[in-house]
Amino acid sequence: MTQTTDHSPPFSAPVLLQGGRRPALAACLVRGAIAAGLGLGTFAVLVIALWISSPYPDSGPNGALHVAAGLWLLAHGTELVRSETLSGQQAPIGIVPLLLVVVPAWLAHRAARDGLLPADDRPRPSARGALCAVSLGYLLVGAAATVYAAGGPLAPDLLSAVLHLPLVTLAAVGAGVWTASGRPGGPLPEWVPARLRKELARTRVAVALRSGAAGALTLLGGGALLVAASMVWNADATQDSFLHLADVWSGRLAVLMLGLALVPNAAVWAAAYGLGPGFALGTGATATPLALTGDPALPHFPLVAAVPAEGPGTPLNWAAAVVPLAAALIVAHFTADRAAPRQGDRATAWGMGETALAALQGAVVCGVLTGFLAAAAGGPLGTGRLTAFGPVWWLTGAAALVWSAVVAVPVALGLRAWRVRGRAVGADGSPVPAAAVPGPSSPAPGAAGGLEVDDMDDAEFDPYDFLPEFPTGSRKTDTSPDGTATAADGSSDGPGDGAGDATGSGRDDRAPWAVPLSPWPKAPGLSSIALDADRAKADGEKRDREEADASAAEHTEDPGTSSTRSPATNPTDNRADTGAAGVDAAQPSPTLPARLLDGPPDEPAGRADADRDDSGPPATP
């Protein structure tokens, strides 16, 4: 007991504390089987309740349980085959009520999530192990339900069950594992091609996924509004159909529940109607905003009673085009919000090409999702003319793509242009940051005169946001007592090698354009620029005086000699020309005190930097 306690791993590894992952995988297997059993039980309770309340039951409880198993398989996309028909032929039922899919999908999702996040005193399996174990347990129960339902009045098609049942199960369980793992956005597995992984990792792809999903949801919601408006417009036909399908309350309750389960299907049909391709009402009959063509085979059902009347369309039918238009605007809105945010840093706005490509990719995502929903919402309801009901998936997806691309791309570009108005743009249409655009009060780099602080009238303008503390080409130096200039990187220059000027400013000859350093170690870069401007001004005044003296000397000759006075013999001009920029060390700056140029008086050069206060420059004498 003591050895087990002493050598136990820390609390961050609960798997080893419980003896491995096998118990965790077994628990996930049981969770998957329980999730499938709960789904079967839910459908069984509903069917048994309706069978008990029916005054004329056709069969016993065994038949009701077979119907419940068949409906559970139908909720997974499995096509059912109805054998008891008037003609004696088997009639397929392929329209899946999309609302029924929520029950088994949610149960499988929850089983995987809870299996991967057990209590603290239980082992935690790996993500792959949880996915396989929960799916296996669920599919074992699904296989048993398929065998059991094969002997009932609604027998499942074996090929359809083999294709759809594992697909829906893996999708729901995978979503649960992803949720338990924190919904990670990457990285993608290694088996995905590197080029595809790089492309999918771009921000533009994430924006396209969000905008495309928002556009598809807008189509679905707009279709639901169209269905509601059409049922209200045809309220008499809808009510008559509902009352004549059943005479007792239990039958009407069953019709109402079936109608509610088919509401998402009707919303997808209405969205396809607004997009233009419309939907099929049997073989050879199609309902579009322009017209209802062919001979529709309309079953007696309340939702079908809301279908527009036969004949050419009216402006009221054409108004359904508002739904795809709204979806395209949503795609453009989501794209523009990321391409040029309203309250964000507008200097990071996307270019025109990037924005157009993101909107186009969002249109593609919207088209793919709409086509998938159209494929899931339709199917056969029997044989002969009843073999085709619902929208054609590829036509619906293509129409959603065209609508979104034609509308979303120019609208997204227009929104981006509106939000970045007043800012300079480059040749490729990308915005240029405001700091890179020279204004009327900011001289070009390298221009004499420095930067005038008085010209900065904008309260939001801060020169310290982009001016460096030490300009490019200069290096921070300290002067030792022996006159050796030591750089910040540890290199040193001798006192007589010409590395610095006579004032000891630590100027680097390899960068003669560099600005001399301020006497204070923490002086801002703006002071250095102003000091350089003053030195350049003093240098220009010195050259003007020298040229004036030379010109006067040429016209004035001494009677005792024919030589011309040279500026070098004039005692007033006998000043040392120091520094690479030719700054006069003997003449102080007209705007700055002598302390800034020659250093503090009565102090050795080596103690000047050591005794200064690093908190900031002292008051100007």
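To keep things clear, this report deals only with the structure shown in the data block. Residue numbers run consecutively from 1 along every chain, following the written order of its sequence. Side-chain atom pairs in this predicted model are given and counted only at pLDDT of 80 or more, local residue features only at pLDDT of at least 70, and totals for whole chains, interfaces and linings cover all residues. Water and hydrogen atoms play no part in the side-chain values, which are based on all heavy atoms of the structure.

**Regarding the overall build of the chain**
For clarity, the threshold we go by: Only DSSP runs of H or I covering at least 4 residues are called helices, and only runs of E covering at least 2 are called strands; the numbering of each starts at the N terminus. Partly exposed describes any residue whose relative accessible area lies between the buried limit of under 20% and the exposed limit of over 50%, with all areas from a 1.4 Å probe on protein chains only and scaled to the type maximum. Each accessible area is a Shrake-Rupley estimate made with a 1.4 Å probe; only the visible protein chains count as cover when residues are assessed.
The number of helices and strands found in the chain is 19 helices and 13 strands. Split into buried and exposed, the 621 residues of the chain put 36% on the buried side. When the accessible surface of the chain is split by element, carbon and sulfur atoms take 63% of a total near 34600 Å².

**Topic: the pattern of salt bridges**
Quick note on the threshold: Throughout this description, the term salt bridge denotes a Lys or Arg side-chain nitrogen within 4 Å of a carboxyl oxygen of Asp or Glu.
Applying the stated criterion across every chain yields a total of seven salt bridges. Taking the shortest distance from any N to any O, the salt bridge between R543 and D539 comes out at 2.6 Å. Placement of the pair is R543 and D539 together in helix α17 (residues 525-555), with a separation of four residues, close to one helical turn. Using a relative accessible area of 11% as the deciding quantity, one classes D539 as buried. Because the salt bridges share partners, they merge into one network encompassing R110, R113 and D114.

**Details of empty space enclosed by the protein**
Rules: In this analysis, the protein atoms alone were mapped onto a 1 Å grid. Cavities are point sets where a 1.4 Å probe fits without being able to get out; pockets are open sets with protein on both sides within 12 Å along at least five of seven lines; lining residues have an atom within 4 Å of a point. Grid points are joined across faces, edges and corners, and a volume is the space filled by probe spheres set on the points. Charged residues are taken to be Asp, Glu, Lys and Arg, nonpolar residues to be Ala, Val, Leu, Ile, Met, Phe, Trp, Tyr, Cys and Pro, and polar residues to be all remaining types, Gly included.
Evaluation of the coordinates by the stated rule reveals six cavities of 30 Å³ or more. Estimates place the volume of the largest cavity at around 70 Å³. In this structure, the largest cavity is lined by A216, L219, L220, V268, A271, A272, T370, L373 and T396. Breaking the lining of the largest cavity down by element, the ones donating at least two residues are α9 (203-233), α12 (263-275) and α15 (352-377). Of the residues assigned to the lining of the largest cavity, the class counts are seven nonpolar, two polar and no charged.

**Remarks on unusual backbone geometry**
A positive phi angle, close to 50 degrees, is found at R183, a residue other than glycine. Checked against the element boundaries, R183 lands in the loop between α7 (158-180) and α8 (194-200).

**As for helix α3 (residues 22-53)**
How we decide: The span you would expect from a helix comes to 1.5 Å times its residue count less one.
Taking 1.5 Å per residue as the helical rise, α3 with its 32 residues ought to reach 46 Å, and the 47 Å between its terminal C-alpha atoms agrees with that figure. Looking at α3, one finds that the buried residues are A24, C28, G32, A35, A36, G39, L40, F43, A44 and V47.

**Section: a nonpolar patch on the surface**
How we decide: Exposure above 30% relative accessible area and no salt bridge define the residues that can form patches, which grow by joining like charges within 9 Å and nonpolar side chains of Val, Leu, Ile, Met, Phe, Trp and Tyr within 5 Å.
Taken together, the side chains of L46, L99, V102, W106, W249, L253, L256, M257, L260 and V263 present a nonpolar region at the surface, about 950 Å² in accessible area. Of all the elements in the fold, those that place two or more residues in the nonpolar patch are α5 (102-116) and α11 (249-261). With five residues, α11 is the largest single contributor of residues to the nonpolar patch. Relative to the helices and strands, M257 is located in helix α11.

**Digging into the environment of L275**
Keep this limit in mind: Contacts are assigned to residue pairs with any non-hydrogen atoms lying within 4.5 Å of each other.
Within the secondary structure, L275 is located in helix α12. With 120 residues separating them in the primary sequence, L275 and L395 have C-alpha atoms 9.6 Å apart. Leave out the neighbours within four places in its chain, and L275 touches L219, P324, T370, T396, A399, A400 and W403.

**Overview of the sheet that holds strand β3 (residues 154-156)**
Selection criterion: DSSP calls a pair of strands paired once it identifies at least 2 bridges connecting them. Comment: axis = line fitted to C-alpha atoms, over the contacting stretch for helices; angle = value between 0 and 180 degrees taken between N-to-C directions.
The strand order across the open sheet built from three strands is β2-β1-β3, with neighbouring strands paired in antiparallel fashion. Each edge of the open sheet is held by one strand with a lone partner, namely β2 (91-93) and β3. Averaged over neighbouring strand pairs, the angle between their axes works out to 35 degrees when direction is ignored. As paired strands, strand β1 (residues 80-82) and β3 are joined by three bridges and run antiparallel to one another. Residue pairing across strands places L80 opposite P156, the latter belonging to β3. Across the sheet, helix α4 (residues 61-74) lies against β1, β2 and β3, angled at about 45 degrees from β3, the strand it touches most.

**Quick notes on the sheet that holds strand β6 (residues 291-293)**
In spatial order, the strands read β7-β6-β5-β4-β8; together these five strands make up an open sheet with antiparallel pairing. Both edges of this open sheet fall to β7 (311-312) and β8 (389-390), since each of them pairs with a single strand only. Bridge count for strand β5 (residues 286-287) against β6 is two bridges, and the pairing is antiparallel. When the bridges of β6 are listed, T286 appears paired with T293. α12 rests against β4 (279-281), β5 and β8 of the sheet, and its axis sits at about 115 degrees to β4.

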